[in-house]
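Structural features, examined
Take a look at the letters that make up each chain.
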Amino acid sequence: MAAAAALTAGFRKLPLPLAQLSLAAVLQCGQSFRWSIFPLTRCAPDTAADATTPSHEYRFCLKDRVVCLRQTPDALYYRSVCPTSLKPLDDDTREAQTLSWIRDYFQLDVDLLQLYEEWSDRDPVFRKLRHRFSGIRLLRQDPFECLLSFICSSNNNIKRISKMVKALCTEYTPALLSLPPPDEAEGELGVEAYHPFPPPSVLSAPEVAANLRKLGFGYRADFIQKTAKMLVDAHGSPSVAGTRPEPAEEWLSKLRAMTTADARIELLKLMGVGRKVADCVLLMSMDKPEVVPVDTHVHDIAKKYYGVAGSKAKTNMTPQLYDMVNTKLVNVWGTYAGWAQSVLFTSDLKAFASYGLDSPVPSDSTTAVATPTGSLPATPMQSPSPSKRKRGKKVAVQEETVAVTAAVFERLSATEGAVEVEYFTLAERVKRRRRGP
DNA sequence: ACTACACCTAGA
DNA sequence: CTAGGTGTAG
């Protein structure tokens, strides 16, 4: 009782079912790479199983404040900290601003439960698995941060991406403020500095590329500097340093109002941005919920089902194929197809297994997915190669993801005739990078 | 328009 | 050898 109260002391409360938002899931599934996560030590070990007290604190640094979040099954707890040097803003107005940021960032106006219902109605595969992916929704991220984060994501893993994004902040933005870890006021030993994400003008400097390479960014170092420079060159650098959004950032934000196809064309002009990265940015920061980024798993399976009708499965993913796959998945899941795909595939990456977010995987789950009930085709699923059977939880989850994807595609190919196929050819429209129309 | 292939780096 | 790719030259 007292312990529970202590864990939310100083926080404002926003009633919110866990099924609408699971911070533990959403903040670690590879959407944003900049949240700090702190396990909270329980006062009494006995209450460890008490699900009504928060187990973690999550922190995120904005331009003017650090947002701190905790969660229980029925509420989100929030508070924010501003630099003491700045204008003394009274708590109520400050937290009102924080709340409105939260609503926007987590897109709380979107009813996730309703979406789950819709996806369940449309797709038997989703219906069968929905219980395992509760509270997973898309963030509405800052476009520039999202763009650079996903430029970092090519041929890369979440862990390293997070490290790189953090390096960008600490290297190129002065610390906004420092905070001790949540639990303890253990002196100043654990204090951590919080840095906002750097603006385009700072990253556009020529020497940035070399420095980022030194920091281990690899070939992405040049992409980042070049993209930042392209944006700044095209839209101008800030008249006064330190002011709010730079022209380049505002321009990126305007892509939200454009059609998906047009916004994508703009993004593809930037260095290090191919179809996959562009689609991630569209989905996660540009209000384009129907966009389905085609990752390697979907990629492979799509090739298998749509690559070459009969010949070798070695077909590459071409822009047309990519479009076709995307269109077909929209036909399965609807206008929030990108969200649905994220729930099913983005969510169960490695990070999850270690956080106990997924319910135990039934031993027969793979078979169950492969031979779903209902209207799914009876086409037998190719069983996982015996050589891969290392029998770890991770491996099981990974295999299942592939199985789910394959099941969806099998259903697609079975209902081929009924599916409306109209897709635009992107390549035709992107005449040339780095050049106007 | 489609196909190869190199590219940085950390970790199985 | 791959990890949730992209630029570039044939």
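Residues numbered from 1 in each chain as written. Chains lettered and ligands numbered in written order. Predicted model: local features only at pLDDT ≥ 70, side-chain atom pairs only at ≥ 80, totals over all residues. Heavy atoms only, no water.

Some details on the packing of aromatic side chains
According to the stated counting rule, one finds 15 aromatic pairs in the structure shown. Relative to Phe106, the ring of Tyr105 lies with its centre 5.1 Å away and its plane at 90°, an arrangement referred to as edge-to-face. Neither residue differs from the other here; Tyr105 and Phe106 are each classed as buried. Both rings, one in Tyr336 and one in Trp339, keep their centres 5.3 Å apart while their planes meet at 70°; by these two values the pair is edge-to-face. By relative accessible area, Trp339 is classed as buried at 2%. Through successive ring pairs, a cluster of aromatic residues spans Trp35, Phe60, Trp101, Tyr105 and Phe106. (Phe/Tyr/Trp six-rings, centres within 6.5 Å; stacked < 30°, edge-to-face > 60°. Buried < 20%, exposed > 50% of the residue type's maximum accessible area, 1.4 Å probe, protein only.)

A look at helix H11 (residues 247-254)
Listing the buried residues of H11 in full gives Ala248, Glu249, Trp251 and Leu252. Down the axis of H11, the buried set is contained in an arc of 160°. They therefore lie on one face. (Helix = DSSP H or I, 4+ residues; strand = E, 2+ residues; numbered from the N terminus. Arc of directions from axis to C-beta.)

Regarding the packing of helix H13 (residues 275-285) against helix H15 (residues 319-333)
At their nearest, the axes of H13 and H15 sit 12 Å apart, and the two run at 30° to each other. What the angle tells us is that H13 and H15 run roughly parallel. The residues of H15 that touch H13, namely those facing Arg275, Lys276 and Asp279, are Pro319, Tyr322, Asp323 and Asn326. Class assignment for the residues of the contact of H13 with H15 results in two nonpolar, one polar and four charged. (Axes fitted to C-alpha atoms, helices over the stretch in contact; angles between N-to-C directions. Parallel < 35°, antiparallel > 145°, perpendicular 65-115°, else oblique. Contact = heavy atoms within 4.5 Å. Nonpolar A, V, L, I, M, F, W, Y, C, P; charged D, E, K, R; others polar.)

Structural notes on the nonpolar core
One finds Leu147 and Leu267 to be the most contacted residues of the largest nonpolar core, which totals 74 residues. When residues no more than four places from it in sequence are discounted, the contact partners of Leu147 are Thr227, Leu231, Leu252, Leu267, Leu270, Val273 and Val281. Formed by 22 residues, the second largest nonpolar core is a distinct cluster that contains Ala24, Leu27, Trp35 and Tyr105. (Core = buried A, V, L, I, M, F, W, Y, C linked by side-chain atoms within 4.5 Å.)

Things to note about the environment of Leu40
With respect to the secondary-structure elements, Leu40 resides in the loop between strand S2 (36-39) and strand S3 (56-61). Through-space distance from the C-alpha of Leu40 to that of Ser55 is 5.3 Å; in sequence the pair is 15 residues apart. Ignoring anything within four residues of it in the chain, the contact list for Leu40 reads Leu7, Pro54, Ser55, His56, Glu57, Arg70, Pro182 and Asp183.

Some thoughts on helix H12 (residues 260-268)
For an α-helix, the turn length of 3.6 residues means that residues three or four places apart are oriented alike. Among the nine residues in H12, eight count as buried, and that is most of the element. Three or more residues of H12 are buried, namely Thr260, Ala261, Ala263, Arg264, Ile265, Glu266, Leu267 and Leu268.

Quick notes on the pattern of salt bridges
The final tally for this structure, using the stated rule, is 18 salt bridges. Residue Arg12 pairs with Asp92 through a salt bridge whose shortest N-O separation is 3.1 Å. In this pair, Arg12 is assigned in strand S1 (residues 12-15) and Asp92 in helix H3 (residues 91-105), connecting sequence segments 80 residues apart. Arg122 is paired through a salt bridge with Glu118; the nearest N and O atoms lie 3.5 Å apart. Of this pair, Arg122 and Glu118 both sit in helix H4 (residues 112-122), four residues apart, which is roughly one turn of the helix. According to the relative accessible area criterion, Glu118 is partly exposed, its value standing at 31%. The network of salt bridges with shared partners includes Glu57, Arg59 and Arg70. (Salt bridge = Lys/Arg side-chain N within 4 Å of Asp/Glu carboxyl O.)

Digging into the sheet that holds strand S5 (residues 75-81)
Reading across the sheet, the five strands line up as S1-S5-S4-S3-S2 and stay open at both edges, with antiparallel pairing between neighbours. Two strands close off the open sheet at either side, each with one partner strand: S1 and S2. Here the average twist between neighbouring strands, direction ignored, is 25°. When S3 meets strand S4 (residues 66-72), the two strands line up antiparallel, connected through four bridges. Paired with Arg59 across the two strands is Cys68, which belongs to S4. Sitting on the sheet, H3 touches S1, S3, S4 and S5, and the angle it makes with S5 is about 125°. (Pairing = 2+ DSSP bridges.)

Digging into the packing of H12 against H13
Two quantities define a packed helix pair, namely the angle between the helix axes and the distance between the axes. Taken N-terminus to C-terminus, the directions of H12 and H13 make an angle of 125°; their axes are 9 Å apart at the nearest point. Classified by the angle their axes make, H12 and H13 are oblique. Both H12 and H13 take part in a crossing whose hand is right-handed. On H13, the residues touching Thr260, Ala263, Arg264, Leu267 and Leu268 of H12 are Arg275, Ala278, Asp279, Val281 and Leu282. Residues of the contact of H12 with H13, tallied by class, amount to six nonpolar, one polar and three charged. (Left-handed = near helix turned anticlockwise from the far one by under 90°.)

Description of the domain arrangement of chain A
The domain boundaries assigned to chain A delineate domain 1 (1-109), domain 2 (141-174 + 182-284) and domain 3 (383-437). With centres defined by C-alpha atoms, the gap from domain 1 to domain 2 works out at 24 Å. Taken together, the 21 residues of domain 1 in the interface contact 19 residues of domain 2. Across the domain 1/domain 2 interface, buried area totals approximately 1,800 Å², and carbon plus sulfur atoms make up 58% of it. (Domains from an automatic or database assignment. Buried area = accessible area lost by both parts, 1.4 Å probe.)

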